[in-house]
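These are the residues of each chain, in order.
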Amino acid sequence: MIELVAVIVLVGILAAFAAPRFVQNESFDARTFTDQNLNMLRYAQKLAIAQGRPVFAVLGANRIALCFNAACDEANLVLAPAGANSRSSATVAQCGTAATWFCEGRPNNVSYTMQPVNPVMYFNALGRPFLSGNVDPVSTFAGLTIAIAGGGNTRTVVVEAETGYVH
């Protein structure tokens with residue numbers, strides 16, 4: 001009987017500390033969206049090198065999307081390497097119903113800022129970053145810093161100006 005009471009007390013204490021983590025997921029959403037941004041930008045650079053053509057990263061206030069041109073028209077969408085995007089409610093709201101498009105929406109409980117604001121950039125066949133209006137080999141891309149905050153933590157993704165190194 002004493003063991004049963006002790007187990008019930010321990011389970012109650014653990015539940016008191018663990019339950020809020022399941023209800024408040026801002027930190028988890030922020031980390032996931034940071035990882036998605038980081039991986040999408042790295043993939044864009046590697047795809048540009050592998051295919052020998054520009055790959056555009058279109059960053060908006062509520063999404064990040066990869067395309068083969070700045071307009072992101074239907075014929076030039078980059079397909080998600082896993083076959084589909086996350087299909088989260090935020091992604092469907094921001095990217096539409098094209099499940100195979102490599103586009104991810106910002107979760108509602110996460111703030112998403114970047115410097116410069118909402119750039120359209122691309123990686124050339126050598127993996128070097130350019131702004132949308134630039135013509136290779138002249139780049140005015142001065143770097144990109146993305147800040148993603150949620151759950152009291154802020155995470156950053158940086159694209160270096162000359163090399164396109166994403167970290």
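Trainee: Looking at this structure, I do not really get the sheet that holds strand E4 (residues 111–115). What am I missing?
Mentor: Sheet strands line up and pair through hydrogen bonds in the backbone, either parallel or antiparallel. Strand order across the open sheet formed by three strands is E4-E7-E8, with antiparallel pairing between neighbours. Lying at the two open borders of the sheet, with one neighbouring strand each, are E4 and strand E8 (153–159). For this sheet the average axis-to-axis angle between neighbouring strands, irrespective of direction, equals 15°. With five bridges joining them, E4 and strand E7 (residues 144–150) adopt antiparallel strand pairing. Bridge pairing in E7 links tyrosine 112 to isoleucine 148.

Trainee: Would you mind showing me how to read the sheet that holds strand E5 (residues 120–123) here?
Mentor: In spatial order, the strands read E3-E2-E1-E5-E6; together these five strands make up an open sheet with antiparallel pairing. Two strands lie at the open edges of the sheet, namely strand E3 (103–105) and strand E6 (129–131), each paired on one side alone. On average, each strand axis in the sheet is inclined to that of its neighbour by 20°, with strand direction left out of account. As paired strands, E5 and E6 are joined by three bridges and run antiparallel to one another. When the sheet's bridge partners are listed, methionine 121 is paired in E6 with leucine 131. Its contacts with the sheet place helix H2 (residues 26–51) against strand E1 (55–59), strand E2 (63–67), E3 and E5, and it is angled at close to 15° to E2.

Trainee: Can you help me understand the state of the cysteines in this one?
Mentor: Chemically, a disulfide is nothing more than a covalent bond linking the sulfur atoms of two cysteines. Throughout the structure, instances matching the rule amount to two disulfides. Cysteine 67 shares a disulfide with cysteine 72; S-S distance 1.7 Å. One disulfide, between cysteine 67 and cysteine 72, carries an S-S torsion of 100° and so falls in the right-handed class. In terms of burial, cysteine 67 and cysteine 72 fall into one category: buried. Each disulfide pairs two cysteine sulfurs, and for cysteine 95 the partner residue is cysteine 103, the sulfurs being separated by 1.9 Å. Looking down the S-S bond of the cysteine 95 and cysteine 103 bridge, the torsion is -70°, so its handedness is left-handed. Sequence-ordered numbering of the bonded cysteines in the protein chain yields a pairing of 1-2, 3-4.

Criteria and thresholds
- Counting of residues starts from 1 at the beginning of each chain's written sequence and follows it residue by residue.
- Owing to the predicted nature of the model, reporting of local features is limited to residues with pLDDT of at least 70; listing and counting of side-chain atom pairs is limited to 80 or more, with chain, interface and lining totals taken over all residues.
- Calculation of side-chain values draws on the structure's entire complement of heavy atoms; hydrogens and water are dropped beforehand.
- By the convention used here, strands pair only if DSSP detects at least 2 bridges between them.
- Strands here are runs of E lasting at least two residues and helices are runs of H or I lasting at least four, both read from the DSSP assignment and numbered beginning at the N terminus.
- All axes are obtained by fitting lines to C-alpha atoms, using only the stretch in contact for helices, and the reported angles, taken between N-to-C directions, cover 0 to 180 degrees.
- A contact between two residues is defined here by any heavy atoms of the two lying within 4.5 Å.
- When two cysteine sulfur atoms are found within 2.5 Å, that pair is recorded as a disulfide.
- Buried means the residue's accessible area, taken with a 1.4 Å probe over protein chains only, is under 20% of the maximum for its type, while exposed means over 50%, and partly exposed covers the values in between.

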